[in-house]
Amino acid sequence: MSDPALGLTMLALIVVVIMMGFPTAFTLMGLGMFFGYIAFYEPHQLFTDNKVFDLMVQRTYGAMTNDVLISIPLFVLMGYVMERGALVDKMFYSIQLAFRRVPASLAVATLIVCTFWGIASGLVGAVVVLMGVIAFNPMLRAGYDVKLASGVITAGGTLGILIPPSVMIIVYAAVAGQSVVKLYAAAMFPGFFLAFLYLVYIVGWAMINPKIAPPLSEELTRVPVPTWMRKFQSAYSNNMLVGLTSALFSPSRATAIEADKERISYWMLCKDFCAALVPFALVAGTLWLTWWYVVIHQQAAAEAAVSGVQQLGTPGLGGGPAAPAEHGPPEGFYFWFGLCVVAGVLMLVRYYWRMDADRFVVLKLLTSSVMPLGILTVVVLAVILFGITTATESAGVGAAGAFLLAFQARTLDWKRTKEAVFLTAKTTAMVCWLFVGSALFSGVFAILGGQALVEQWVLSFNMTPVQFMILSQVIIFLLGWPLEWTEIIVIFVPIFLPLLKHFNIDPILWGTLVFVNLQAAFLSPPVAMSAFYLKGVSPPHVTLNQIFSGMMPYMVVIIVCMVIMYLWPGMTLWLPNYLYGG
């Protein structure tokens, strides 16, 4: 058998052996050692002198010294601390109340919590199991269709490996030799866009067929407004913002009201007034940060760069000092920024105009349950995207923040901390062994000529870039049915990477399409891990086939998202090009 044929035999065997249930990492190393020994075999050479042993050491050392992988244990620790800290129950309750008037409100709240929690933890299994425990039974008791309830949990739970910070993106960056921060920036908009498409599908299905998501009972939609707040409205105003503002200047009537067997204090009024200003602070803060980065920060950076060039005396086109570079906001920025300001003001006016006691209580619940985790997530992503820290340093910030949130909520004891650390070490070891096995396997595969044979086969079709893009994504989509995302990225993605340059395809765009594509790996039987995670915590009458049926429509949504991403590449490439240059 020729060497290229041996390489293809390796590729076929790895799929068969993994589907038989053998551990992926050790299967990769075993096949790599066996076929590598054959590739380097010389009749007059001692067994121990075979070069495959040297290759094993070199590849292991190379994988272990890869700086990109350092951030994996910290991000994984952040996720496990979040999960063991059990911080999601109150979040689900508050979001469900906020969306109580939306069709399929429980499913919508489940998707939002899955998205938000997935971003914070990045652990698909943990999110699916946690939401299965918290949201699945309430949806079934409310009369929701089993397919709708199971589909939204399994599909929403997979978003954690797509929206940064994501371990999958780090693994791809290490395999493809790409920048983690650029990939994070590229995956940001597609991840939220896919979540939005899921939301449109859920609400649209519920509006077309209301029987699958009956309206909730009054008990489930009633906001727990305290008695003192009704008295406060009678004393001042039905509008809580107006009432709190008035009470700050004339607190005598408010302090005479009893609140849970004790008087309302002036400090309590100040805290509630600050809580009422949270929507304004979020909108104003977002607009200010946008203005600061685009107008002030970018202009200062451009002026500093021009000043540095002039000090070095770099000759310009005419032989003298370089002319100052044009800098400033992109074309059309002021128009769109002004439009956003107007829209933000109108939204705030409408919201505060309708702020009664019910809305204010929901706002306080959202502020206490969502805000801490939201701030931590924004900080972790912002310091990476704006170049303040590296991905590893940001992961350290996230892990420390997760511990602080869990301690503040008083849900993390010594036992849970040990469990989180143990699971982190276990997951990190798995990823590291996968990289060692993958490095050895791909090295032997290339030495045998398998990589060259695949490239020649693909190039012989004389495909256009679009045709190659479709072919590669279809192959990855089909591989997602029997294999998990880790195996696809470390084994099969390196086969396609050398061909991207020939077809002039951006590896950032292609990689982001792969990330979205691999969402289907968790939703496609027979190895649909999300289904098995949910089945483990679901009632006995819910069958695996029902869960599979509920997941199938979301695979169609994933394909639609990929088509839109390819037709509109700016959704993927605009942010990394703007932040780091194209």
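Rules behind the numbers
Numbering of residues starts from 1 in every chain and runs along the sequence as written. Given that the model is predicted, a residue must reach a pLDDT of at least 70 before its local features are reported, and side-chain atom pairs must reach 80 or more before they are shown or counted; all residues, however, enter totals for whole chains, interfaces and linings. Based on all heavy atoms of the structure, the side-chain values leave hydrogens and waters out of the count. Only DSSP runs of H or I covering at least 4 residues are called helices, and only runs of E covering at least 2 are called strands; the numbering of each starts at the N terminus. What the globule rule says is 2.2 Å times the number of residues to the power 0.38, and the radius of gyration is computed from C-alpha atoms. Partly exposed residues are those whose accessible area sits between 20% and 50% of the maximum for their type, while under 20% is buried and over 50% is exposed, using a 1.4 Å probe and protein chains only. Any two residues having at least one pair of non-hydrogen atoms within 4.5 Å are treated as being in contact. In short, Shrake-Rupley with a 1.4 Å probe defines the accessible areas, and a residue's cover is counted only from the protein chains shown. Charge counting treats Lys and Arg as positive and Asp and Glu as negative, with His and both chain ends excluded. Where a charge lies is defined by one atom per residue type: Lys uses NZ, Arg uses CZ, Asp uses CG and Glu uses CD. Definitions used for this entry: grid spacing 1 Å over protein atoms alone; cavity, a set of points where a 1.4 Å probe fits but cannot get out; pocket, an open set with protein on both sides within 12 Å along at least 5 of 7 lines; lining residue, one with an atom within 4 Å of a point. Grid points are joined across faces, edges and corners, and a volume is the space filled by probe spheres set on the points. Gly falls in the polar group here, along with every residue not listed as nonpolar (Ala, Val, Leu, Ile, Met, Phe, Trp, Tyr, Cys, Pro) or charged (Asp, Glu, Lys, Arg). Nitrogen and oxygen atoms within 3.5 Å of one another constitute a polar contact, given that in protein one can donate a hydrogen and the other can accept it, and given that sequence-neighbouring residues count only through two side-chain atoms. Salt bridges, as used here, are contacts in which a Lys or Arg side-chain nitrogen is within 4 Å of a carboxyl oxygen on Asp or Glu. Patch building starts from residues that exceed 30% relative accessible area and form no salt bridge, then joins like charges within 9 Å and nonpolar side chains (Val, Leu, Ile, Met, Phe, Trp, Tyr) within 5 Å. Stacked, edge-to-face and tilted labels apply to pairs of Phe, Tyr and Trp rings (six-membered ring for Trp) whose centres lie within 6.5 Å, assigned for plane angles under 30 degrees, over 60, and everything in between, in that order.

Trainee: I keep staring at the overall build of the protein chain and nothing clicks. Help me out?
Mentor: When helices and strands are tallied, the protein chain shows 28 helices and two strands. For the protein chain, whose C-alpha radius of gyration is 27 Å, the value lies close to the compact-globule estimate of 25 Å for 582 residues. Its C-alpha atoms put the protein chain at 100 × 80 × 50 Å along the principal axes. For the protein chain, with 582 residues in total, the buried portion stands at 49%. Within the protein chain, contacts between residues separated by at least 24 positions form 77% of all contacts whose residues are at least 6 apart in sequence. Approximately 27,500 Å² of the protein chain is accessible, and the part contributed by carbon and sulfur atoms is 68%. Taken together, the 28 basic and 26 acidic charged side chains of the protein chain have centroids lying 14 Å from each other.

Trainee: Just checking my understanding: could you explain empty space enclosed by the protein for this structure?
Mentor: If a probe as big as a water molecule is rolled over the atoms, it shows which places are left empty. Per the stated rule, a full pass over the model turns up two cavities of 30 Å³ or more. Within this model, the second largest cavity holds a volume of roughly 40 Å³. Taken together, Val171, Val431, Leu434, Phe435, Trp485, Thr486 and Val490 make up the full set of residues lining the second largest cavity. When residues of the lining of the second largest cavity are traced back to their parent elements, those giving at least two are α21 (414–447) and α24 (485–502). A per-class count over the lining of the second largest cavity returns six nonpolar, one polar and no charged.

Trainee: Would you mind going over the side chain of Asn239 with me for this structure?
Mentor: Structurally, Asn239 is set in the loop between α12 (227–235) and α13 (240–249). Reaching out from Asn239, the side chain makes a polar contact with the backbone nitrogen of Leu241 at a distance of 3.0 Å. Of the polar contacts made by the side chain of Asn239, one reaches the backbone oxygen of Tyr352; its length is 2.7 Å. Apart from residues no more than four positions distant in its own chain, Asn239 is found in contact with Tyr352, Trp353, Arg354 and Met355.

Trainee: In this structure, what is going on with the pattern of salt bridges? I would like to understand it.
Mentor: Within this structure, the stated rule accounts for two salt bridges. Here Asp272 makes a salt bridge to Lys364, at a shortest N to O gap of 3.0 Å. Pair noted here: Asp272 is in helix α15 (residues 266–276) and Lys364 is in helix α18 (residues 357–369), with a separation of 92 residues, a long-range link. Owing to a relative accessible area of 31%, Lys364 belongs among the partly exposed residues under this scheme.

Trainee: Please explain the environment of Leu97 as it appears in this structure.
Mentor: Relative to the assigned elements, Leu97 resides in helix α5 (residues 89–98). Judged by its relative accessible area of 0%, Leu97 falls in the buried class. Separated by 266 residues in the primary sequence, Leu97 and Leu363 have C-alpha atoms spaced 9.9 Å apart.

Trainee: Would you explain a nonpolar patch on the surface in this entry?
Mentor: A cluster of nonpolar residues, Trp288, Leu289, Trp292 and Ile296, forms a patch on the protein surface that exposes about 420 Å² of accessible area. With respect to the helices and strands, Trp288 occurs in helix α16 (residues 278–312).

Trainee: Teacher, can you tell me more about unusual backbone geometry here?
Mentor: For residues other than glycine, phi is negative in most cases, and the peptide bonds are mostly trans. That bond from Pro164 to Pro165 is cis: its omega, -5°, falls within 30 degrees of zero. By secondary structure assignment, the location of Pro165 is in the loop between α8 (146–157) and α9 (167–176). Positive phi, normally seen in glycine, also occurs at Ala104, with a value near 55°. Within the secondary structure, Ala104 is located in the loop between α5 and α6 (105–121).

Trainee: Any chance you could explain the packing of aromatic side chains here in plain terms?
Mentor: How two aromatic rings sit relative to each other is given by the distance of their centres and the angle of their planes. The full count for this structure, using the stated rule, is 28 aromatic pairs. Centre to centre, the rings of Trp291 and Phe337 are 5.3 Å apart; their planes meet at 50°, and the pair counts as tilted. Linking Trp291 in helix α16 with Phe337 in helix α17 (residues 333–353), this pair joins segments that are 46 residues apart in sequence. Judged by its relative accessible area of 16%, Phe337 falls in the buried class. Here the aromatic rings of Phe441 and Phe445 are separated by 6.4 Å at their centres, their planes lie at 5°, and the arrangement is stacked. Placement of the pair is Phe441 and Phe445 together in helix α21, with a separation of four residues, close to one helical turn. Note on accessibility: Phe441 and Phe445 belong to one class, buried. These aromatic residues form a ring-pair network of at least three members: Phe189, Trp292, Tyr293, Trp574 and Tyr578.

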